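So the chains spell out like this:
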Amino acid sequence: MIKKLNNTCMNEFDPDALDEVSAIGKIINSIKSLIKHEKIEIGKSLGRVISRDIKSTLDIPNFKNSAMDGYAVNLRLLKLNKYVMRQKAVSYAGKPYSKKLLNNETIKVMTGSVIPENCDAVIMKEMVDVEGMSIYFPKNIQKNQNIRMKGEDIKKKSIVIKKGEVINHTHMGILSSLGIREVPVVIKPIVSFFSTGDELISINKKLRRGMIYDSNRYILRGLLERLPIIIRDMGVVKDNEKALMNKLTLCSKTSDIIITTGGVSVGDADYIKIALAKLGKINFWKIAIKPGRPLAYGKINKSYFFGLPGNPVSAVVTFQLFVGPAIDKLMGRKESKHITIKAISQNNLSKKKGRVEYKRGYLKQDDNNNFVMSTGLQGSNILTSLEKANCYIRLGANVSKVKKGDNVTVIPFNIKI
Ligand code: AMP
Ligand code: MG
């Protein structure tokens, strides 16, 4: 009775729904990271998760070299020779001149070329006067200027990439600068997904009244394909307990994670929860967020299971909030969080108290401020307002109204720290 009274249209409080922070915590705590790894060529390693710390076998730079095209000098000798010296030789990148600087000598150097051990400054060629082999130097020279020291970037035996990092182009550059050809990475987990619903029709078929095209499988494909995983599109399953159980059993034989959309609510045709309870374990199935309250999380055999809501925007939001971090944990990826910033709302916004709400917004900046405006209808079926958005506006469970000009918390898409 109390439950019914709390659930009036003034309020969306649901005593059975878990708050989102606890839900993420439960997911992260329940997932064991994969330990299997493989060695792959660095040219194929983009986006993969490093499975152990990588140590440098070299100093980078590996030799003292010039940061400029210019002249290498020894400052003490330069002063003794009243800032005029004789060009002794040229050191090119890849064709070094390796002798010491003597008496009144300078050598012409190119960017990246080896410079003599006793050289303690390089002067840009634009700063000197040249008369035949005599070079006239300026007097305001600083010790070590334009010199790249051995090991100043990377010291031999230091850790250059930590376990759990996702390899990006910079890592690929560092690894290749060390002459490393292969890296150990976590194996790709297998993620299977399927849509559920009697109303769903494949995009190559003719639409009939009351039916809709299945968009969630393409949304999930889009979200998953960026990740270093093996994805398995398992099609569409009808709202039928037996059929669902068969498909889930099949997926659980090979998958590390199973994702479904639809059928997770409390409607007469929602069988996901029942199937999950019969085949495995339900950890929780309701979260106090909008869009996306119904979300079943559990386990079937060795597979972690996410039953996402059917509405496309709910599927996206719950994927980003809950499934993304789960896949990261599974791959042993270093924990990261979506960045949040404050912005001035350009609209009056309203919501019901009782659950956190993610509204779709467009974030802009001028020199002093961030501004955010709603991108339109906020129903969880409205994909076009998600298409126009570049951020979510996150409104806390106790918020009911935001006035134009108020500060709100905004989560820009795709920036994690
Ligand atoms: P459900 O969670 O099954 O109650 O579905 C909620 C809403 O999402 C309904 O309007 C469904 O028709 C819609 N829906 C469910 N699955 C999909 C899908 N794969 N693609 C597009 N819409 C869907
Ligand atoms: Mg359904």
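Treat the numbers as computed from the prediction; the structure is a model and nothing was measured.

Further remarks concern the sheet that holds strand S6 (residues 105-109). Taken in spatial order, the 6 strands of this open sheet run S7-S4-S6-S5-S9-S8, and their pairing is mixed. Whereas interior strands pair on both sides, the edge strands pair on one side only; in this sheet they are strand S7 (121-124) and strand S8 (129-131). Put simply, the sheet's adjacent strands are angled 40 degrees from each other on average, direction ignored. Pairing geometry for strand S4 (residues 70-73) and S7, over 4 bridges, is antiparallel. Looking at the pairing, valine 73 lines up with alanine 121 of S7.

Another point: helix H2 (residues 20-30). Considered for burial, the residues of H2 that qualify are Glu20, Ala23, Ile27 and Ile28. Along the long axis of H2, the arc covered by the buried residues comes to 130 degrees, so they all point the same way. Seen from the open side of H2, the exposed residues pointing more than 90 degrees away from its buried face are Val21 and Asn29. Structurally, the start of H2 carries an N-cap: the backbone nitrogen of valine 21 is 3.2 Å from a side-chain oxygen of aspartate 19.

A word on the side chain of serine 113. By the secondary structure assignment, serine 113 is in the loop between S6 and S7. Its relative accessible area of 0% is what places serine 113 among the buried residues. If near-sequence neighbours (up to four positions away) are discounted, serine 113 is found in contact with Phe63, Lys64, Asn65, Ser66, Ser91, Tyr92 and Ala93.

Moving on, we get to the packing of aromatic side chains. By the definition in use, this model includes 5 aromatic pairs. Relative to tyrosine 392, the ring of tyrosine 358 has its centre 5.8 Å away and its plane inclined at 80 degrees; by these criteria the two rings are edge-to-face. Here tyrosine 358 is found in strand S24 (residues 356-365), whereas its partner tyrosine 392 is found in strand S26 (residues 391-395), with 34 residues between them in sequence. Members of the aromatic cluster, joined through ring pairs, are Phe284, Tyr297 and Phe306.

In the neighbourhood of ligand 1, 13 residues make up the surrounding shell, with Glu199, Asp214, Ser215, Gly263 and Gly310 lying closest. One nitrogen or oxygen atom from the main chain of glycine 310 is found 3.0 Å from an oxygen atom belonging to ligand 1. Alone, ligand 1 offers 480 Å² of accessible surface; in the complex the protein occludes 76% of this. Breaking the shell around ligand 1 down by element, the ones donating at least two residues are strand S13 (190-196) and strand S15 (212-213).

Basis of the calculations
Residues numbered from 1 in each chain as written. Chains lettered and ligands numbered in written order. Predicted model: local features only at pLDDT ≥ 70, side-chain atom pairs only at ≥ 80, totals over all residues. Heavy atoms only, no water. Pairing = 2+ DSSP bridges. Helix = DSSP H or I, 4+ residues; strand = E, 2+ residues; numbered from the N terminus. Axes fitted to C-alpha atoms, helices over the stretch in contact; angles between N-to-C directions. Buried < 20%, exposed > 50% of the residue type's maximum accessible area, 1.4 Å probe, protein only. Arc of directions from axis to C-beta. Polar contact = N/O pair within 3.5 Å; in protein donor to acceptor, adjacent residues only side chain to side chain. Contact = heavy atoms within 4.5 Å. Phe/Tyr/Trp six-rings, centres within 6.5 Å; stacked < 30°, edge-to-face > 60°. Near = heavy atom within 4 Å. Areas by Shrake-Rupley, 256 points an atom, 1.4 Å probe, with all protein chains shown as cover.

Read these as layout, nothing more, since geometry by itself doesn't imply function.
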